[in-house]
Amino acid sequence: MKLIRFGVIGNEKPGIQLENETRIDISGFNEDYTETFFETYGIERLQKWLTINQKKCPVISNNIRLGSPLFKPSKIICVGVNYAKHAAESNMKIPKEPILFFKATSAIVGPNDDLIIPKKSKKTDWEVELAVVIGKKASYINKDNAMDYVAGYVLHNDYSEREFQLEKEGQWVKGKSCDTFAPLGPFLVTKDEIKDPNNLNLWLKLNGELMQNSTTSDFIFNIETVVSYISQFMTLLPGDIISTGTPSGAGLGLTPQRYLKPGDIVELGVEGLGTSKQRVKAYK
């Protein structure tokens, strides 16, 4: 099942994208895709509801804006340097354990919303990523049953301001959390639709030029490892997002380095998770 949210910013409604790519409004279900939805077996309940009510649901025009498929998750946890080739291009050592950092949830926008280059930014960069959505509360879980805690997956562009992230003192979070730096979607794909999330193709184009083209099989730490590892240090709540890192081809690793400028078009996708597109604009 593919969960979507649609409508104007701040007033999105829940919906579903069907197998034939038709989008339907499930407002009659009377729930949004929140922490409570996932915590109370919302996916299973929605599936049952649809068997009776799907034909009654209004069809959504493809011209209507898509928002983030998740409503106010408690946190976004990101994994840094999690692709072997990305570590090599960044001249970083292969980490012995996952590198973690937070991304502010205020950075979340819809999949095709504009990317706003922040004030005083000179090094805004792109990063296509597979993000994992947690389905139930997880604390101190084992790697062997980590997938039991996953609800699904979503496409994420982990935009990064490299000067803020790496050249200023402190943690990476301030280079990761600028407004519009976390476009999610177009939809959340439930885990039953993805056979092997540790072997998915992912790609990113800048102005039509292919910049990133890899597979999650290049993970240093696979999804099971990452979910279990994070749960040793914090409680994962239903709806939480874990962004699993980016492959080689980010602007930071190019020679010479290359960063975004107003007017650029960024397109990206992950196998089975759809595609998104952001137009780059300057802060005003």
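The structure reproduced in this document is the subject of the present report. Because the structure is a prediction, the values reported are computed rather than measured.

Conventions used here
- Note that residues are indexed from 1 along each chain, following the sequence as it is written.
- A pLDDT threshold of at least 70 governs which residues receive local features in this predicted model, and a stricter bar of 80 or more applies before side-chain atom pairs are shown or counted, although totals over entire chains, interfaces and linings include all residues.
- Hydrogens and waters are ignored; side-chain quantities use all the structure's heavy atoms.
- The salt bridge definition used is simple: a Lys or Arg side-chain nitrogen within 4 Å of an Asp or Glu carboxyl oxygen.
- Every helix listed is a DSSP run of H or I at least four residues long, and every strand listed is a run of E at least two residues long, numbered separately from the N terminus.
- The rule is simple: take the accessible area with a 1.4 Å probe, protein chains only, and divide by the maximum for that residue type; under 20% is buried, over 50% is exposed, in between is partly exposed.
- Here, any two strands with at least 2 DSSP bridges between them count as paired.
- To qualify as a nonpolar core, a set must consist of buried Ala, Val, Leu, Ile, Met, Phe, Trp, Tyr and Cys residues joined through side-chain atoms within 4.5 Å.
- Contacts are assigned to residue pairs with any non-hydrogen atoms lying within 4.5 Å of each other.
- Here a polar contact is taken to be a pair of N or O atoms separated by no more than 3.5 Å, where protein atoms must pair a possible hydrogen donor with a possible acceptor and residues adjacent in sequence count only if both atoms sit in side chains.
- Note on definitions: angles span 0 to 180 degrees between N-to-C directions of axes, and those axes are lines fitted to C-alpha atoms, for helices only across the stretch in contact.
- Only Phe, Tyr and Trp rings are paired, with Trp represented by its six-membered ring, and only when their centres lie within 6.5 Å; those with planes under 30 degrees apart are stacked, over 60 edge-to-face, the remainder tilted.
- Whether a charge sits over a ring depends on NZ of Lys or CZ of Arg being within 6 Å of the ring centre and within 35 degrees of the ring normal.

1. Looking at the pattern of salt bridges
Think of it this way: side chains of opposite charge can pair up when their charged atoms draw near. Per the counting criterion, the structure on display carries 15 salt bridges. Where Glu 209 meets Arg 258, a salt bridge forms, and the shortest distance between an N and an O atom there is 3.0 Å. Of this pair, Glu 209 sits in strand E16 (residues 209-215) while Arg 258 is found in the loop between strand E17 (241-243) and strand E18 (265-270), placing the two residues 49 residues apart along the sequence. Looking at Glu 209, the relative accessible area reads 40%, which means it is partly exposed.

2. Describing the pairing of E16
Pairing between strand E15 (residues 201-206) and E16: six bridges, direction antiparallel. Across the sheet, residue Trp 203 finds its bridge partner in E16, namely Asn 213. The antiparallel hairpin formed by E15 and E16 contains two residues in its connecting segment, where Asn 207 sits at a positive phi of about 50°.

3. Observations concerning the nonpolar core
Residues Leu 3, Ile 16, Ile 26, Phe 38, Leu 46, Val 227 and Ile 242 are the most contacted members of the largest nonpolar core, which totals 76 residues. Tallying contributions element by element places strand E10 (residues 128-134) first for this core, with six residues. Apart from the residues lying within four places of it in its own chain, the contact partners of Leu 46 are Met 1, Leu 3, Ile 16, Ile 26, Phe 29, Tyr 33 and Phe 37.

4. Regarding helix H5 (residues 223-231)
Most of H5 is tucked away: seven of the nine residues are buried. Looking only at H5, the buried set comprises Ile 223, Val 226, Val 227, Ser 228, Tyr 229, Ile 230 and Ser 231. Looking at the buried side of H5, the elements it contacts are strand E5 (76-80), strand E6 (99-103), E10, strand E11 (150-157) and E17.

5. Structural notes on the side chain of Thr 190
As for its position among the elements, Thr 190 is in strand E14 (residues 188-190). In this structure the side chain of Thr 190 is engaged in a polar contact, spanning 2.8 Å, whose partner is the backbone nitrogen of Met 1. Here Thr 190 is in contact with Met 1, Ile 43, Ala 151 and Gly 152, once residues within four sequence places are set aside.

6. Considerations on the sheet that holds E17
Sheet strands associate in pairs through backbone hydrogen bonding, adopting either a parallel or an antiparallel arrangement. Here ten strands make up an open sheet; going across it, the order is E4-E3-E2-E1-E14-E11-E10-E17-E5-E6 and the pairing mixed. The sheet is open, and its two borders are formed by strand E4 (59-60) and E6, each paired with just one other strand. Note: strand E1 (residues 2-6) against strand E2 (residues 13-17), five bridges, orientation antiparallel. Within the sheet, the bridge partner assigned to Ile 4 lies in E2 and is Gly 15. Packed on one face of the sheet, helix H2 (residues 42-53) meets E1, E2, strand E3 (23-25), E11 and E14 and runs near 70° to E2.

7. As for the packing of aromatic side chains
Between two aromatic rings, the relevant description is the distance of the centres plus the angle of the planes. For the structure shown, the criterion picks out eight aromatic pairs. Ring centres of Tyr 229 and Phe 233 lie 5.0 Å apart, and the angle between their planes is 55°; this geometry places the pair in the tilted category. Taken together, the aromatic side chains of Phe 29, Tyr 33, Phe 37, Phe 38 and Trp 49 make up a single cluster linked through ring pairs. One cation-aromatic arrangement involves Lys 2 over Phe 187; the distance from NZ or CZ to the ring centre is 5.6 Å. Here the guanidinium or amino end of Lys 205 rests over the ring plane of Trp 203, the centre of that ring lying 5.7 Å away.

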